[in-house]
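Summary of structural features
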Amino acid sequence: MTTTTMTLGGALNAGLRRALEHDPKVVIMGEDVGTLGGVFRITDTLQKDFGEGRVIDTPLAESGIVGTAFGMALRGYRPVCEIQFDGFVYPAFDQIVSQVAKIHYRTAGAVVAPLTVRIPYGGGIGAVEHHSESPEVYFTHTAGLRVVSPSTPSDAYSMIQQAVALDDPVIFLEPKHRYWERGEIDTETAPDLPLTSARVVRSGSDATIVTFGALVATALRAADIAEAEGHSLEVVDLRSLSPIDFDTIEASVRRTGRLVVVQEAPVFCGIGAEIAARTTERCFYQLEAPVLRVGGFDIPYPPAKLESHHRPDPDRILDAVDRALAA
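Residues numbered from 1 in each chain as written. Predicted model: local features only at pLDDT ≥ 70, side-chain atom pairs only at ≥ 80, totals over all residues. Heavy atoms only, no water.

Brief notes about helix H7 (residues 153–165)
Taking 1.5 Å as the rise per residue, H7 with 13 residues should run 18 Å; its terminal C-alpha atoms sit 19 Å apart, in good agreement. Within H7, ten of the 13 residues are buried, which leaves the element mostly enclosed by the surrounding structure. Within H7, the full set of buried residues consists of Pro-153, Asp-155, Ala-156, Tyr-157, Ser-158, Met-159, Ile-160, Gln-162, Ala-163 and Val-164. (Helix = DSSP H or I, 4+ residues; strand = E, 2+ residues; numbered from the N terminus. Expected span 1.5 Å × (residues − 1). Buried < 20%, exposed > 50% of the residue type's maximum accessible area, 1.4 Å probe, protein only.)

This is the structure:
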C-alpha cells in the first residue's frame, strides 16, 4: 500500500492524471483548464504533460463545451468537461438533460455517452452571485445521468477515475469549500466501494445523519459535539446522489430509529425530501420520530456576508437531532 497526503483538489488532479495515463481516449476540456490549470488549479500541469490535444482550452461557452464533448463521446472518446462554477452549468443544461442523458435510451442501448461533467458546487468561499449554488437536484431528477459527490481526498481520487471509466454520463459535483482540506490517499489499491455506494463514516446508535459533499465534515463536527453531550450519532456519506444507496441508509435507520438529512441546497423538493419519503416507506415501523431535514433557506443564494447563516452548521444539525430525540 502506497499512501500520500493530498488536498481534495490535489487528489482530483492526481486522479485525472491517472485517467489520462490509463486511456488515450480520455480528454479534458473547459475554460482555462490548460495553460491556467483551471480556476481552482484542479487541472494544473496536465496540459504541459499531455499536450493541447488532450487538455483543451475552450471558448467561454458551456453549451458548446458539453455539446462538443457529447459528439466526441459518440465517437469513442471519454471527455471530461470542467464547468468553472456551479451557476455556469445552466447554459449547458439543455445539452445535458435533452441529449447526453437520453441517448442510451433513445437508441435502445446501442449508443453510450461516456462523458463526465465536473462541477465545483456549493458555498463557503465568499463568492459572488452564481458561484455558490447547489444544482444537484436538477440532475438527479433526470433519468440517464449518474450524479456523485466526493467528500474526502481519498474518495475524490478514486471516484473521478471510476466516473471517467463508466460508459454512463456522470455529473461529478466537487465541494469547492473542501478543495483545500488534506487527507491520506492510497494510490495503488483499488477503490474499496463501488461508485454508487454510500459510506458509514461514523458509527452511532441514537440517530442517523445522512449528508454528502462539503457537509460531511460539518456533520462529523456535530457528532463530536453530540458525543460530549452523551448522544451517539451515526453519519452516512451518500457519495452517490443518483442512484442513492437506500440499502445503507435503511440499515443505519433500523439501528438508530431516527434520521436527519442535511443538504446545502434549499430544503423544498431537495435530495432530503426523496430520502425522507423512501426511508419512511422502508422503515416506517422502525422510526421513533419523523424524518427531519436541514438545508439552505428557500431563497436565491445570499451575498457572501450572509452565507454562514444560510449554510447548515453544527448548531442547526444538532437542533434537528434534539427534536428527533425528543419525539
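Here's the deal with the domain arrangement of the protein
The accessible area lost on association of the parts is a frequent measure of interface size. One can read the domain layout of the protein as domain 1 (3–186) and domain 2 (199–326). One C-alpha centre belongs to domain 1, the other to domain 2; they are set 26 Å apart. At the interface, 25 residues of domain 1 touch 22 residues of domain 2. Between domain 1 and domain 2, the buried area comes to about 1,800 Å², and carbon and sulfur atoms account for 50% of it. Interface area lost by domain 1 to domain 2 is led by Glu-136, Ser-151 and Arg-178, which between them contribute 24%. Joining domain 1 to domain 2, the criterion identifies two salt bridges. In this structure, the salt-bridge partner of Arg-199 is Asp-155, at a minimum N-O distance of 2.8 Å. Those elements that place two or more of their residues in the side of domain 1 that touches domain 2 are helix H6 (136–140), strand E6 (146–148), H7 and strand E7 (170–175). Of the residues belonging to the side of domain 1 that touches domain 2, the class tally is eleven nonpolar, ten polar and four charged. (Domains from an automatic or database assignment. Contact = heavy atoms within 4.5 Å. Buried area = accessible area lost by both parts, 1.4 Å probe. Salt bridge = Lys/Arg side-chain N within 4 Å of Asp/Glu carboxyl O. Nonpolar A, V, L, I, M, F, W, Y, C, P; charged D, E, K, R; others polar.)

Describing the pattern of salt bridges
Counted by the stated rule, this structure contains 22 salt bridges. With a shortest N-O distance of 2.7 Å, Arg-78 and Asp-167 are connected by a salt bridge. Taken as a pair, Arg-78 in strand E4 (residues 78–82) and Asp-167 in the loop between H7 and E7 lie far apart in primary sequence, 89 residues in all. A salt bridge links Asp-86 to Lys-176; its shortest N-O distance comes to 2.6 Å. With Asp-86 in the loop between E4 and helix H4 (93–100) and Lys-176 in the loop between E7 and strand E8 (182–186), this residue pair connects regions lying 90 residues apart in the sequence. Residues Asp-86 and Lys-176 agree in their burial class; the two are buried. Through salt bridges with shared partners, a single network forms among Asp-155, Asp-192, Arg-199 and Arg-239.

Quick word on the environment of Glu-181
Here Glu-181 is to be found in the loop between E7 and E8. As a C-alpha pair, Glu-181 and Asp-49 span 132 residues in sequence and 25 Å in three-dimensional space. Ignoring any residue separated from it by four or fewer positions in sequence, one finds Glu-181 in contact with Met-6, Thr-7, Leu-8 and Pro-153. In this structure the side chain of Glu-181 is engaged in a polar contact, spanning 2.5 Å, whose partner is the side chain of Arg-178. (Polar contact = N/O pair within 3.5 Å; in protein donor to acceptor, adjacent residues only side chain to side chain.)

A closer look at the packing of aromatic side chains
By the definition in use, this model includes nine aromatic pairs. Judged by centre distance (6.0 Å) and plane angle (85°), the ring pair of Tyr-90 and Tyr-138 falls under edge-to-face. One end of the pair, Tyr-90, is in the loop between E4 and H4; the other, Tyr-138, is in helix H6, with 48 residues separating them in the sequence. Overall, Tyr-90 belongs to the partly exposed group, its relative accessible area being 32%. Measuring from ring centre to ring centre gives 5.3 Å for Phe-284 and Tyr-285, while their planes differ by 90°; the resulting arrangement is edge-to-face. The exposure classification of Phe-284 matches that of Tyr-285, with both residues exposed. Grouping aromatic residues by their ring pairs yields a cluster made of Phe-40, Phe-85, Phe-88, Tyr-179 and Trp-180. Directly above the ring of Tyr-77 sits Lys-25, whose terminal nitrogen or CZ lies 4.4 Å from the centroid. (Phe/Tyr/Trp six-rings, centres within 6.5 Å; stacked < 30°, edge-to-face > 60°. Lys NZ or Arg CZ within 6 Å of the ring centre and 35° of its normal.)

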